[in-house]
Amino acid sequence: MDRTLAADLARLPDLLDATRRAAAEALATLDERAVVPAAPKRADPEPLPEQGCGTETALAAFRARWEPRLSASAGPRYLGFVTGGATPAALAGDWLTAAHDQNSNSSMDGAGQDLERETVGWLRELFGLSDAHTGTFVSGATMSNTTGLAIAREWLGERLGVSPAEDGAAALGPVRVLSGAPHSSIAKALSFLGLGRSSLVRVPTLPGREAVDPAALDRALADTPGPAVVVANAGTVNTVDFDALPAIAALRARHDFWLHTDAAFGAFAALSPEHAHLTEGLDAADSVCVDLHKWLNVPYDSAVQFTRRRDLQARVFQNAAAYLGPLGEHPDLVHLTPENSHRLRALAAWFTLCAYGRQGHREIVERNIAGARALGAALEEDPAFTLLAPVRLNVVCFTLADAPDPARLTALREAVSAEVFVTPTVHEGTAGLRAAFSNWRTTQADVHRAARALRTAAREIA
């Protein structure tokens, strides 16, 4: 054994303890650190060492060179994208995931698969899905949407008497994928799956909304030859708008289509009694995307995809090798996603669900919604700002009231980056900013601090 490696093995408990202290210090200073540090001059990369320095020295080098440049994305005022943190239980689960280093895709080592299936069952119950849905863990919403659309592609083949998994996507001929305000990952998935970005057809949305117009969707489906795919939205990016899922599902009485619902973070509305009505009809979908490193507050990367057609899923992703388990009635996970191997992502989710239950995660969701409402109200009261949409759930979409051009908004965003991180967007042709609440640490004190920073910066820019 390499001498340095052997020395680290002999000191492993001490090295893990040093790492624990470094992690604890990083988390303890989240409030004081700049949410997004000022960008330093790009440093030239150092050469690969011929002889290693050992874990202790590597830890010191990381803390000196890289840690100060990392954003405080685990903290309460990182409101860009829709980024959760990691609850204490999720963090413990993630550490143990690395310690046990399981590849949970095979029944030859079945405990990992059993744990994942139990966790998927808990999540299915959390979101109000029936037992008709089966699920698997994937890396994020993009891969969840891609997996759902891959199953949809095979369903189209089933309807047309071909198998894209065997014959290729070209066997389908022209395909139409209809959606009102699809996430960018949908077009990316269609490109990846060989269906093409041009197969995505935008359907008109309701006036002043990002929700699809059901009547317009009805007309578009009538104009679509053969079976189609509909991508419904349960929580759009800019305004967290929800399509009328029951009305869309009802269109299947007249039209033949696969219904994929992108509920990356909107599915968590099901936890709040006040907002659960938004997710009514989610169970009617043929496939569902939910991103867990958003509102479940587990570490990157983690998402889940659900489907009613596991048979088609296995047809797409089956992998034939002597050392892999058979398909059977309950296929090994290796046959259900693009990955032949994946870490035991489910463990972090299992830990946080076990530790805090439905009630604990409902509290996080409702506190985040209250935070978004409070920030929206604070900005609406300030003449320097204009809300671009009502605060429907956990996202505040806003802009400057005076000359909201991208340059001024970039200046505003950069001016507040030490205190709060928000992301740029465009809504109905107007440049704006988004503040998304999904971190378990965020409190009303953080909302007031973010609002104060935005107001101050807006005055300075003016």
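Our subject is the structure that appears above.
Values in this document were obtained by computation on a predicted structure and should not be read as measured data.

### Remarks on the overall build of the chain
At step 1: Counting its secondary structure elements, the chain contains 15 helices and eleven strands.
At step 2: Counting only C-alpha atoms, the chain reaches 65 × 60 × 45 Å along its principal axes.
At step 3: A total of 462 residues make up the chain; the buried ones form 49% of that total.
At step 4: Accessible surface, the chain as shown: approximately 20,600 Å² in total, 55% of it carbon and sulfur.

### Description of the sheet that holds strand β3 (residues 200–202)
At step 1: One open sheet accounts for seven strands, arranged β1-β7-β6-β5-β4-β2-β3; its pairing is mixed. Looking at the sheet topology across the chains shown, the edges are occupied by β1 (134–138) and β3. Adjacent strand axes in the sheet meet at a mean angle of 20 degrees when their direction is disregarded.
At step 2: Where β1 meets strand β7 (residues 303–307), five bridges bridge the pair, whose relative direction is antiparallel. Paired with threonine 134 across the two strands is threonine 307, which belongs to β7.
At step 3: Where helix α12 (residues 310–317) meets the sheet, its contacts fall on β1, β5 (257–262) and β7, and the angle it forms with β7 comes to roughly 120 degrees.

### Let's talk about the side chain of asparagine 105
At step 1: Looking at the secondary structure, you find asparagine 105 in the loop between α4 (88–100) and α5 (111–126).
At step 2: For asparagine 105, a relative accessible area of 2% translates into the label buried.
At step 3: Residue contacts for asparagine 105: discarding those within four places in its chain leaves Gln113, Asp332, Leu333, Val334, Glu339, Asn340, Ser341 and His342.

### Quick look at the packing of helix α6 (residues 141–160) against α12
At step 1: Between α6 and α12, the least distance of the axes is 9 Å, while the angle of their chain directions is 100 degrees. By the angle class used here, α6 and α12 are roughly perpendicular. Of α12, the residues touching α6 (which contributes Thr147, Ala150, Ile151, Arg153, Glu154, Trp155 and Glu158) are Leu312, Gln313, Arg315, Val316 and Phe317.
At step 2: Its residues assigned to classes, the contact of α6 with α12 shows six nonpolar, two polar and four charged.

### Focus: a nonpolar patch on the surface
At step 1: Together, Met1, Leu5, Leu9, Leu12 and Leu16 make up a nonpolar patch on the protein surface, roughly 540 Å² of accessible area in all.
At step 2: Of all the elements in the fold, those that place two or more residues in the nonpolar patch are α1 (3–10) and α2 (12–28).

### Notes on the packing of aromatic side chains
At step 1: A full pass over the atoms with the stated rule returns eight aromatic pairs.
At step 2: Ring geometry for tyrosine 78 and phenylalanine 421: centres 4.6 Å apart, planes at 35 degrees, overall tilted. A residue pair is termed long-range when its members are at least 10 positions apart, and tyrosine 78 in the loop between α3 (55–65) and α4 and phenylalanine 421 in the loop between α14 (406–415) and β10 (423–427) qualify at 343 residues.
At step 3: Owing to a relative accessible area of 13%, phenylalanine 421 belongs among the buried residues under this scheme.
At step 4: Members of the aromatic cluster, joined through ring pairs, are Tyr78, Phe81 and Phe421.

### Notes on the nonpolar core
Buried together is how nonpolar side chains tend to be arranged in soluble globular proteins.
At step 1: Membership of the largest hydrophobic core comes to 52 residues, with the highest contact counts inside it found for Leu123, Phe127, Leu217, Phe268, Val290, Leu292 and Phe306.
At step 2: Sorting elements by how many residues they give to this core places helix α13 (residues 346–381) first, with six residues.
At step 3: Ignoring any residue separated from it by four or fewer positions in sequence, one finds leucine 217 in contact with Leu178, Val203, Val212, Val230, Ile248 and Leu251.

### Digging into the environment of glycine 84
At step 1: Of note, glycine 84 is situated in the loop between α3 and α4.
At step 2: The spatial distance from the C-alpha of glycine 84 to the C-alpha of tryptophan 440 is 7.0 Å, given a sequence separation of 356 residues.
At step 3: Leaving out residues up to four positions away in the same chain, glycine 84 has contacts with Ser73, His293, Lys294, Asn297, Ser438 and Asn439.

### Observations regarding the sheet that holds β10
At step 1: Reading across the sheet, the four strands line up as β8-β9-β11-β10 and stay open at both edges, with antiparallel pairing between neighbours. A strand with exactly one partner marks an edge of an open sheet, and here the two such strands are β8 (385–387) and β10. Pairs of neighbouring strands in the sheet enclose a mean axial angle of 45 degrees, with direction left out of account.
At step 2: Note: β8 against strand β9 (residues 395–400), three bridges, orientation antiparallel. Its bridge partner lying in β9, phenylalanine 385 is registered against leucine 400.

### Considerations on unusual backbone geometry
At step 1: A cis amide bond links tyrosine 300 with the next residue in sequence, aspartate 301, at an omega value of -5 degrees.
At step 2: Although it is not a glycine, aspartate 101 sits at a positive phi angle of roughly 50 degrees.
At step 3: Within the element layout of this structure, aspartate 101 appears in the loop between α4 and α5.
At step 4: Not every positive phi belongs to a glycine, and alanine 403 is a case in point at roughly 50 degrees.
At step 5: Residue placement: alanine 403 occurs in the loop between β9 and α14.
At step 6: Relative accessible area serves as the criterion here: at 37%, alanine 403 is assigned to the partly exposed category.

Thresholds applied
- Residues numbered from 1 in each chain as written.
- Predicted model: local features only at pLDDT ≥ 70, side-chain atom pairs only at ≥ 80, totals over all residues.
- Heavy atoms only, no water.
- Helix = DSSP H or I, 4+ residues; strand = E, 2+ residues; numbered from the N terminus.
- Buried < 20%, exposed > 50% of the residue type's maximum accessible area, 1.4 Å probe, protein only.
- Areas by Shrake-Rupley, 256 points an atom, 1.4 Å probe, with all protein chains shown as cover.
- Pairing = 2+ DSSP bridges.
- Axes fitted to C-alpha atoms, helices over the stretch in contact; angles between N-to-C directions.
- Contact = heavy atoms within 4.5 Å.
- Parallel < 35°, antiparallel > 145°, perpendicular 65-115°, else oblique.
- Nonpolar A, V, L, I, M, F, W, Y, C, P; charged D, E, K, R; others polar.
- Patch = residues over 30% accessible without salt bridge, like charges linked within 9 Å, V, L, I, M, F, W, Y side chains within 5 Å.
- Salt bridge = Lys/Arg side-chain N within 4 Å of Asp/Glu carboxyl O.
- Phe/Tyr/Trp six-rings, centres within 6.5 Å; stacked < 30°, edge-to-face > 60°.
- Core = buried A, V, L, I, M, F, W, Y, C linked by side-chain atoms within 4.5 Å.

Note that all results are geometric; they support no functional claim without further evidence.
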